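Residues per chain are reported as follows:
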Amino acid sequence: MLFFKPELSFLRWCKVKKGTFLENKCEFEPDWYKKVIEDIDKVEEIEAIGYFLYHGGDKIKEPVSILTPEILIKMDECTFFLPEYNDLTFKVATTCFKNFPNVHHLLFCDTAFFTNLPEQASTYGVPYELYKKGVRRYGGYGLCHQWVWKQIQSFSSKTVQKVISVYLGELTNIAAIKNGKSLETTIGFSPVEGIPSSKSCGNIDPSIIVELFSKGMSFDEIHHLLSEKSGFSGLLGKKCSFLDIVQSKNEEEKLKIREIFRYNIVKYIGAFISVLGGIDVIVFVSEYLEESMNFILEICHKLEFLGLKCKTSLEKNKKFQDLTENGSSVKTFCVKYNIWEIMAEEAQNLLKEVR
């Protein structure tokens, strides 16, 4: 299988064969297809090709589906939601769909899990006509959060209904899930909303945009400022990643940002527990579990008023870990995240159904 996931200026792909994942990338230039083909080597062995769509708007409502000409048209209609990413996915899918007519093509939509977000959670306080035109909250990282829910059901020895899934990474976000359905999320119309990240501002007063515009900034400049030049990097005044913050120790400026970051996570967890009407499990999911452990413990410490008690260390090289200490009223799990593995697992399940 071959999977594509575009970034801002380059294309990532992963070859999956017999449980082995081989990742590569190139700049998205006119010769990108040639570079992919050279990397694949034996194109005749490709059974399926999958494409990661960041934002499906109100057009793509299935997390994983067989890509058809009709869905390609819907993909094109979704481009305006997140053009810098969706446009690349559409172009890659169109090219491969044409050049590989005899393999299965799959679409992975990262907002689809939140398609049925309750109206009270998805609606902004703007004229309802705008809601009907698509101005609403769509969420994100749905493939991750839905996968987390499935993992909890597999590994938990007791019935679990109310779950808060916390993704920790360059774009940290949280989802509230009840009985497998999403009730809330920190990501809104786009990933800029929510918790401050390495580059984006998170929630701000919208009038700030008007103020910046009145001072002479263009809308493109404002968008770039809030989505690429803000967050940790903006607060520090230089490039600053998720790992820079969660692994900071004695650097005063980074420690202040760490406090802001942790505060926002704890605030949203508390709000989402209210939305769920209680909590059974809190799950921390990340590519960087070991590196984030101290930060996770800091968050858990802030939640001890819930009766939460957790262990203080992780076992190495273990994908799913139970941090719950004896006597804790809330289960705490940590899960290692790999988007390629999730896509491969979902692809295999879907292909079994269509064969």
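Residues numbered from 1 in each chain as written. Predicted model: local features only at pLDDT ≥ 70, side-chain atom pairs only at ≥ 80, totals over all residues. Heavy atoms only, no water.

(A) The overall build of the protein, seen in detail. Within the protein, the secondary structure is distributed over 13 helices and 12 strands. The C-alpha atoms of the protein give 21 Å as radius of gyration, which agrees with the globular expectation for 355 residues (20 Å, within 12%). Within the span of the protein, comprising 355 residues, buried residues form 50% of the whole. If you take every contact in the protein between residues at least 6 apart in sequence, the share linking residues at least 24 apart comes to 64%. Taking the average place of the 44 positive charges on the side chains of the protein and the average place of its 47 negative ones, the gap between the two points comes to 4 Å. (Helix = DSSP H or I, 4+ residues; strand = E, 2+ residues; numbered from the N terminus. Rg over C-alpha atoms; globule rule 2.2 N^0.38 Å. Buried < 20%, exposed > 50% of the residue type's maximum accessible area, 1.4 Å probe, protein only. Contact = heavy atoms within 4.5 Å. Lys, Arg positive; Asp, Glu negative; His and termini not counted. Charge placed at Lys NZ, Arg CZ, Asp CG, Glu CD.)

(B) Spotlight on the sheet that holds strand β2 (residues 10-17). Overall, mixed pairing links the six strands, which are arranged β3-β2-β1-β4-β6-β5 in an open sheet. Where the open sheet ends on each side, the last strands, each with one partner, are β3 (20-27) and β5 (64-66). On average, each strand axis in the sheet is inclined to that of its neighbour by 20°, with strand direction left out of account. One ladder, built from eight bridges, connects β2 with β3; its direction is antiparallel. Its bridge partner lying in β3, Leu-11 is registered against Cys-26. (Pairing = 2+ DSSP bridges. Axes fitted to C-alpha atoms, helices over the stretch in contact; angles between N-to-C directions.)

(C) Local environment of helix α6 (residues 142-155). The terminal C-alpha atoms of α6 lie 20 Å apart, and with 14 residues this matches the ideal 20 Å at 1.5 Å per residue to within 8%. The element α6 is extensively covered by neighbouring structure, given that 10 of its 14 residues are classed as buried. All of the buried residues in α6 are Gly-142, Leu-143, Cys-144, His-145, Gln-146, Trp-147, Val-148, Trp-149, Gln-151 and Ile-152. (Expected span 1.5 Å × (residues − 1).)

(D) Spatial organisation of the packing of α6 against helix α13 (residues 339-354). Orientation of α6 relative to α13, taken along the N-to-C sense of each, is 70°, at an axis distance of 11 Å. Taken together, the axes of α6 and α13 are roughly perpendicular relative to one another. Where α6 abuts α13, its residues Leu-143, Cys-144, Trp-147, Lys-150 and Gln-151 lie against Ile-342, Glu-345 and Glu-346. (Parallel < 35°, antiparallel > 145°, perpendicular 65-115°, else oblique.)

(E) Layout of the packing of aromatic side chains. Under the criterion given, the structure shown has 23 aromatic pairs. Through pairs of rings, three or more aromatic residues link up here, namely Phe-4, Phe-28, Trp-32, Tyr-33 and Tyr-51. One residue, Lys-267, lies across the ring of Tyr-268, its end atom 5.5 Å from the ring centre. (Phe/Tyr/Trp six-rings, centres within 6.5 Å; stacked < 30°, edge-to-face > 60°. Lys NZ or Arg CZ within 6 Å of the ring centre and 35° of its normal.)

(F) Representation of the pairing of strand β6 (residues 104-109). Of all six residues making up β6, five are buried, and the element is well covered by its neighbours. Direction of pairing for strand β4 (residues 48-53) relative to β6: parallel, over a ladder of six bridges. Paired with Tyr-51 across the bridge in β6 is Leu-107. Relative to β6, β5 is paired through three bridges, and the arrangement is antiparallel. Pairing of Ile-66 across the sheet is with Leu-106, part of β6.

(G) View of the pattern of salt bridges. The final tally for this structure, using the stated rule, is 22 salt bridges. Between Arg-262 and Glu-298 there is a salt bridge, with the nearest N and O atoms lying 2.7 Å from each other. Placement of Arg-262 in helix α11 (residues 252-276) and of Glu-298 in helix α12 (residues 289-302) is noted, with a sequence separation of 36 residues between them. Among the charged side chains, a salt-bridge network with shared partners connects Lys-5, Glu-7, Arg-12 and Glu-23. (Salt bridge = Lys/Arg side-chain N within 4 Å of Asp/Glu carboxyl O.)

(H) How the structure looks around the pairing of β2. Pairing analysis gives five bridges linking strand β1 (residues 2-6) to β2, with the strands arranged antiparallel. Note that in β2 the partner of Leu-2 across the bridge is Lys-15. Between β1 and β2, which pair antiparallel in sequence order, lie three residues. Counting the residues that bridge the hairpin from β2 to β3 gives two residues, and of these Lys-18 lies at a positive phi of roughly 50°.

(I) Representation of the environment of Gly-278 in the model. By the element assignment, Gly-278 lies in the loop between α11 and β10 (281-286). Counting along the chain gives 117 residues from Gly-278 to Gln-161, while the straight-line C-alpha distance between them is 9.7 Å. Apart from the residues within four sequence positions on either side, Gly-278 is in contact with Lys-162 and Ile-273.

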